[in-house]
Amino acid sequence: MGTTYNVALVAGAAASADGLQDEIDRRLEEVNRQLSTWTEDSEISRFNRFGKIGEEFPVSDDFLRVMKAATEVHALSGGAWDGTVSPLVVLWGFGPGGPALSTPSPERIAAALDEVGFDKIEIRDAGALVKRHAAVTVDLSSIAKGYGVDAVADVLREKGFADFLVEIGGEVFAAGRRRDGRSWRVGINRPDPAAAPGEVYKVVPLGDQALATSGDYRSYVLESGRRRSHVIDPRSGEPVTNGVVSVSVLAPSCMMADGLATAVMVMGPEAGLALVERLDGVEALIVVDRRGGFLEEYPSSGFRTEDAPGQ
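Residues numbered from 1 in each chain as written. Predicted model: local features only at pLDDT ≥ 70, side-chain atom pairs only at ≥ 80, totals over all residues. Heavy atoms only, no water.

## Describing helix 8 (residues 269-278)
The complete set of buried residues in helix 8 reads Pro 269, Gly 272, Leu 273, Leu 275 and Val 276. The arc that holds every buried residue of helix 8, seen down its axis, measures 160 degrees, which confines them to one face. In helix 8, those exposed residues whose orientation departs by more than 90 degrees from the buried face are Glu 270 and Arg 278. Against the buried residues of helix 8 lie helix 3 (61-76), strand 14 (244-251), helix 7 (254-267), strand 15 (283-289) and strand 16 (295-299). (Buried < 20%, exposed > 50% of the residue type's maximum accessible area, 1.4 Å probe, protein only. Helix = DSSP H or I, 4+ residues; strand = E, 2+ residues; numbered from the N terminus. Arc of directions from axis to C-beta. Contact = heavy atoms within 4.5 Å.)

## A word on the packing of aromatic side chains
Enumeration over the complete set of coordinates arrives at 5 aromatic pairs. Note on Phe 47 and Phe 57: the rings are 5.4 Å apart at their centroids and 65 degrees apart in plane angle, and the pair reads as edge-to-face. Highlighted residues: Phe 47 in helix 2 (residues 43-49) and Phe 57 in strand 2 (residues 56-58), separated in sequence by 10 residues. Residue Phe 57 is classed as buried on the basis of its relative accessible area, which comes to 8%. Seen in terms of ring centroids, Phe 164 and Phe 173 are 6.5 Å apart; in terms of plane orientation they differ by 40 degrees. Their pairing is tilted. The pair formed by Phe 164 and Phe 173 is uniform in burial state, with each residue classed as buried. Through a chain of ring-to-ring contacts, the aromatic side chains of Phe 47, Phe 50, Phe 57 and Phe 63 assemble into a single cluster. (Phe/Tyr/Trp six-rings, centres within 6.5 Å; stacked < 30°, edge-to-face > 60°.)

## Structural notes on the sheet that holds strand 5 (residues 164-168)
Strand order in the open sheet formed by 7 strands is 1-5-6-9-14-15-16, and the pairing between neighbours is antiparallel. The two strands at the open ends of the sheet, each matched to only one other strand, are strand 1 (5-9) and strand 16. Direction aside, the axes of adjacent strands within the sheet are offset by 10 degrees on average. The pairing of strand 14 with strand 15 spans 6 bridges and is antiparallel. Its bridge partner lying in strand 15, Ser 246 is registered against Val 287. (Pairing = 2+ DSSP bridges. Axes fitted to C-alpha atoms, helices over the stretch in contact; angles between N-to-C directions.)

## What about the packing of helix 1 (residues 20-35) against helix 3?
A pair of packed helices is characterised by two quantities: the angle between their axes and the separation of those axes. Running from N to C, helix 1 and helix 3 cross one another at 70 degrees; their axes reach a closest spacing of 9 Å. Of the possible angle classes, the one that applies to helix 1 and helix 3 is roughly perpendicular. As helix 1 runs across helix 3, the sense of the crossing is right-handed. Side by side, helix 1 and helix 3 meet where Arg 27, Glu 30, Gln 34 and Leu 35 of the first sit next to Asp 62, Phe 63 and Val 66 of the second. (Parallel < 35°, antiparallel > 145°, perpendicular 65-115°, else oblique. Left-handed = near helix turned anticlockwise from the far one by under 90°.)

## A look at the packing of helix 7 against helix 8
Look at helix 7 against helix 8: their axes get within 7 Å of each other, and the N-to-C directions meet at 145 degrees. Crossing angle aside, the handedness with which helix 7 passes helix 8 is right-handed. Residue-level contacts link Leu 260, Val 264 and Met 267 of helix 7 to Ala 271, Gly 272, Leu 275 and Val 276 of helix 8. Residues of the contact of helix 7 with helix 8, tallied by class, amount to 6 nonpolar, 1 polar and no charged. (Nonpolar A, V, L, I, M, F, W, Y, C, P; charged D, E, K, R; others polar.)

## Focus: the sheet that holds strand 17 (residues 306-307)
Taken in spatial order, the 3 strands line up as 7-8-17 in an open sheet, and their pairing is antiparallel. Unpaired on one side and paired on the other, strand 7 (184-189) and strand 17 mark the two borders of the sheet.

## With respect to the pattern of salt bridges
Applying the stated criterion to the full structure yields 16 salt bridges. One salt bridge connects Arg 124 with Glu 56, and the closest N-O pair in it is separated by 2.8 Å. Remark: Glu 56 occurs in strand 2 and Arg 124 occurs in strand 3 (residues 121-124); sequence separation between them is 68 residues. With relative accessibility at 27%, the residue Arg 124 sits in the partly exposed group. When the shortest N-O distance is used, the salt bridge between Arg 190 and Glu 199 registers 3.1 Å. (Salt bridge = Lys/Arg side-chain N within 4 Å of Asp/Glu carboxyl O.)

## Some details on helix 7
End to end, helix 7 covers 20 Å across 14 residues, agreeing with the expected 20 Å (1.5 Å per residue, within 8%). Here helix 7 lies mainly inside the structure; 14 of its 14 residues are buried. Taken from the residues just after helix 7, Gly 268 is the one with a positive phi, measuring 90 degrees. (Expected span 1.5 Å × (residues − 1).)

So this is what it looks like as structure tokens:
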């Protein structure tokens with residue numbers, strides 16, 4: 001996944017941590033073998049090279065489960081989240097090829113959009129994907145990392161742990177409580193390019209919830225003095241310009257929190273909050289840069305934070 005993971009747990013008499021890290025590593029390696037676009041022989045990489053229209057490509061339970069969740073996020077967001085957006089990401093200079101030398105022409109954007117669309121893939125419950133367009137590819141990075149967090153949480157539950165916190169690359173699931181009986185407390189980074197990576201903006205108390213944050217304040221390109229976001233709207237084919245610099249989402253699963261955080265980045269504060277308020281068990285904090293370093297917050301009705309240390 002190109003990042004680190006951390007697990008904190010409260011061990012009682014009923015659960016043993018012996019061999020636990022090996023089990024966690026095996027589970028994460030399994031998720032990578034299925035969903036990592038950086039691994040040439042992973043399941044998702046092989047599907048992306050598969051160019052036959054109308055023919056079934058058998059997939060694992062993990063891949064199928066993430067694709068079904070991705071379809072749900074795609075539908076809920078009205079297409080603002082789309083796991084087939086890679087051609088546009090590459091075109092705008094945020095893919096493996098590095099920064100774009102110039103703004104893509106409307107013709108090139110239209111050509112890339114022709115390869116984008118989650119409706120170009122059929123998901124079959126029997127455990128297969130079917131391409132309706134030979135060139136369509138899938139990148140589930142903005143939802144699969146959250147799934148990895150959920151997978152590790154499942155390993156801990158199976159081993160008898162009820163109080164733990166799992167974090168992979170900043171995406172978190174917290175179960176139960178800390179050793180002192182208080183809620184787990186997770187910091188949100190300050191959404192400012194000049195802020196240190198560990199600088200805390202807000203603290204969120206967590207218990208039996210996931211927290212995922214998406215932001216564009218570190219990954220962007222400066223063009224003629226203006227910041228070009230790495231977040232691409234798959235509907236228009238262009239980088240978003242809504243000023244959203246950070247979205248933190250609370251949800252029952254980290255997979256859904258992860259996907260929704262990216263979707264709301266694209267949707268913007270008004271439409272994003274309207275979506276979140278419709279969903280049971282989901283809350284969000286949207287932060288918008290109003291220029292000049294002024295950050296405006298848009299919290300959903302149930303999103304609760306505490307001041308960061310020193311504030």
